[in-house]
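The primary structure of each chain is shown beneath.
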Amino acid sequence: MISAYREDGLQIAWDSTSLSRLWECARKYYLYNKIGWTSQDPSPHLLFGIFYHKACERYDHSKAQGKSHDDALRDAIRQALVDSWGWSTDNKYKNRSTLIRTVGWYLDTFSDDPVRTIIFSDGQPAVELSFRFEAPDLKTNDGQPYFLCGHIDRLGVFQDHPWVLDRKTTKSALGDMFMAQFNPHHQLPLYNIAGKIVYHTPVKGVIIDGAQVLIEGSRYQRAMVNYTPRMLDEYMNSVKAVVKMGEYYAKLDYWPMNPTACHHYGGCPFRGICSKDPEVRDVFLRGKFKIDRWDPLKVRGDI
Amino acid sequence: MTTNPLAEADPKSFNHLMSEDPLKLTDEDVDELVKILRRDHAIFLKKEKQPKAKERIAVADISLDELDIKL
């Protein structure tokens, strides 16, 4: 069992979350991954995503067991009800009621899904798959291999080709703009590569099921993204450069801010910290955050 | 989504079923919840198919001359 971080603090197992943090802002990566600060209250978006994925996973398992759509849907709704029991938030978009609705409507929308979940030889459906593989041609300066890791929602067959399936929820509008964000993308090419390397499946691309969660209802859109072998090579080269950049900053013992990224996606959680004088930042960090370091190797699945 | 506070008293309402301990819900209760979700989904989809008010006005603003319709 390997640890994602060495004793000297260097991260050797990288998932897309860690990569995107370093890609975006070295200081953000430092605060989240090196020190381990995290928000005291988990964001409703994060909890909604966890509950949503788990409910869909339950549905996929039930379907793989041969249950009807209605029976599998009942299992999924029950799963979401149990998991989210006691969850209270004042978020108008992502809350317990919209969760149950978004799960139910999504599974009904794709009840006649042309994508068939791959079933492994042991009878288990290929859903919520945690993967880890040695990154090709990528080692630390002292010769230790780096690993890439993550979680795939589902592997399925569509028109005789295997695809990685990923579910995304958003309160933003779907359509061309929503789907355009997945190519280029920091995460999905990694899943495409992992499907090929870890599960020995010649993955054709990634199918994204987007759910727009509104106050009055939920909308859905399915899109497919193909990454050519050259695009995947380019992605891997970028990953290697980012990981090596992390090694460089660690050696330098300095993690620069990227002030151009502070206002992305409604604002970085650390924007209110970085805007303070360095002398007092620790006091503010302790007031608003807690230490719970991100572990990219935490296994999901098998509900 | 059902938001009528009077519906709280109805043991088959969405709000009531959501407020119940999920471990105590029977299969029939969950099926009832699914039934409500499907009803709300159908209403939502029907509304989505209706032209928006702006689109309706745009259509009404086109004169017969512009449409080049000969009566």
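Located above this text is the structure these notes cover.
Residues numbered from 1 in each chain as written. Chains lettered and ligands numbered in written order. Predicted model: local features only at pLDDT ≥ 70, side-chain atom pairs only at ≥ 80, totals over all residues. Heavy atoms only, no water.

**Brief notes about the overall build of chain A**
At step 1: Looking only at helices and strands, chain A features 10 helices and 9 strands.
At step 2: A compact globule built from 303 residues should have a C-alpha radius of gyration of about 19 Å, and chain A, at 20 Å, falls within 12% of that.
At step 3: Its C-alpha atoms give chain A principal-axis dimensions of roughly 60 × 45 × 40 Å.
At step 4: Across the 303 residues of chain A, 52% fall into the buried class.
At step 5: Within chain A, counting contacts between residues at least 6 apart in sequence, those at least 24 apart form 71% of the total.
At step 6: Total accessible area on chain A stands at roughly 14700 Å², and carbon and sulfur atoms take up 52% of it.
At step 7: With 39 positive and 36 negative side-chain charges, chain A shows a spacing of 3 Å between the two charge centroids. (Helix = DSSP H or I, 4+ residues; strand = E, 2+ residues; numbered from the N terminus. Rg over C-alpha atoms; globule rule 2.2 N^0.38 Å. Buried < 20%, exposed > 50% of the residue type's maximum accessible area, 1.4 Å probe, protein only. Contact = heavy atoms within 4.5 Å. Areas by Shrake-Rupley, 256 points an atom, 1.4 Å probe, with all protein chains shown as cover. Lys, Arg positive; Asp, Glu negative; His and termini not counted. Charge placed at Lys NZ, Arg CZ, Asp CG, Glu CD.)

**Observations regarding the overall build of chain B**
At step 1: When helices and strands are tallied, chain B shows 4 helices and 0 strands.
At step 2: Residues classed as buried in chain B amount to 27% of the 71 residues present.
At step 3: Surface exposure of chain B reaches about 5400 Å², of which carbon and sulfur atoms provide 59%.

**Thoughts on the side chain of Lys94(A)**
All names here are of chain A.
At step 1: Along the chain, Lys94 falls in the loop between helix H4 (69-83) and helix H5 (96-109).
At step 2: Although Lys94 is buried, it makes no salt bridge; Asp166 carries the closest opposite charge, 12 Å away.
At step 3: In this structure the side chain of Lys94 is engaged in a polar contact, spanning 3.2 Å, whose partner is the side chain of Thr169. (Salt bridge = Lys/Arg side-chain N within 4 Å of Asp/Glu carboxyl O. Polar contact = N/O pair within 3.5 Å; in protein donor to acceptor, adjacent residues only side chain to side chain.)

**Focus on the packing of aromatic side chains**
All names here are of chain A.
At step 1: If you walk through the whole model with that rule in mind, you get 18 aromatic pairs over all chains.
At step 2: Judged by centre distance (5.8 Å) and plane angle (50 degrees), the rings of Tyr52 and Tyr106 are tilted. Of this pair, Tyr52 sits in helix H3 (residues 44-64) while Tyr106 sits in helix H5; the two residues are 54 residues apart in sequence, bridging distant segments of the chain.
At step 3: According to the relative accessible area criterion, Tyr106 is buried, its value standing at 3%.
At step 4: Site record: aromatic cluster; members linked through ring pairs are Trp14, Tyr29, Tyr30, Tyr248, Tyr249 and Trp255.
At step 5: Lying across the ring of Phe147, Arg132 places its NZ or CZ 5.4 Å from the centre.
At step 6: Directly above the ring of Phe284 sits Lys276, whose terminal nitrogen or CZ lies 4.7 Å from the centroid. (Phe/Tyr/Trp six-rings, centres within 6.5 Å; stacked < 30°, edge-to-face > 60°. Lys NZ or Arg CZ within 6 Å of the ring centre and 35° of its normal.)

**Re the side chain of Arg6(A)**
All names here are of chain A.
At step 1: If you trace the backbone, Arg6 turns up in the segment before strand E1 (13-14).
At step 2: You can call Arg6 buried: its relative accessible area is 18%.
At step 3: A polar contact is formed between the side chain of Arg6 and the side chain of Gln144, at a distance of 2.9 Å.
At step 4: Once residues within four sequence positions are removed from consideration, Arg6 is found in contact with Ile12, Thr140, Asp142 and Gln144.

**Considering H3(A)**
Residue and element names in this part refer to chain A.
At step 1: Between its first and last C-alpha, H3 extends 30 Å over 21 residues, near the 30 Å set by a 1.5 Å rise per residue.
At step 2: Among the 21 residues in H3, 15 count as buried, and that is most of the element.
At step 3: Gly66 sits one or two positions beyond H3 and adopts a positive phi of about 95 degrees. (Expected span 1.5 Å × (residues − 1).)

**Some remarks on the pairing of strand E8 (residues 218-225) of chain A**
All names here are of chain A.
At step 1: Note: strand E7 (residues 206-213) against E8, 8 bridges, orientation antiparallel. Bridging across to E8, Val213 finds its partner in Ser218.
At step 2: Joining the antiparallel neighbours E7 and E8 is a turn of 4 residues. (Pairing = 2+ DSSP bridges.)

**Side note on the environment of Ile50(A)**
At step 1: Mapped onto the fold, Ile50(A) is located in helix H3.
At step 2: Placed 33 residues apart in sequence, Ile50(A) and Asp83(A) show a C-alpha to C-alpha distance of 9.3 Å.

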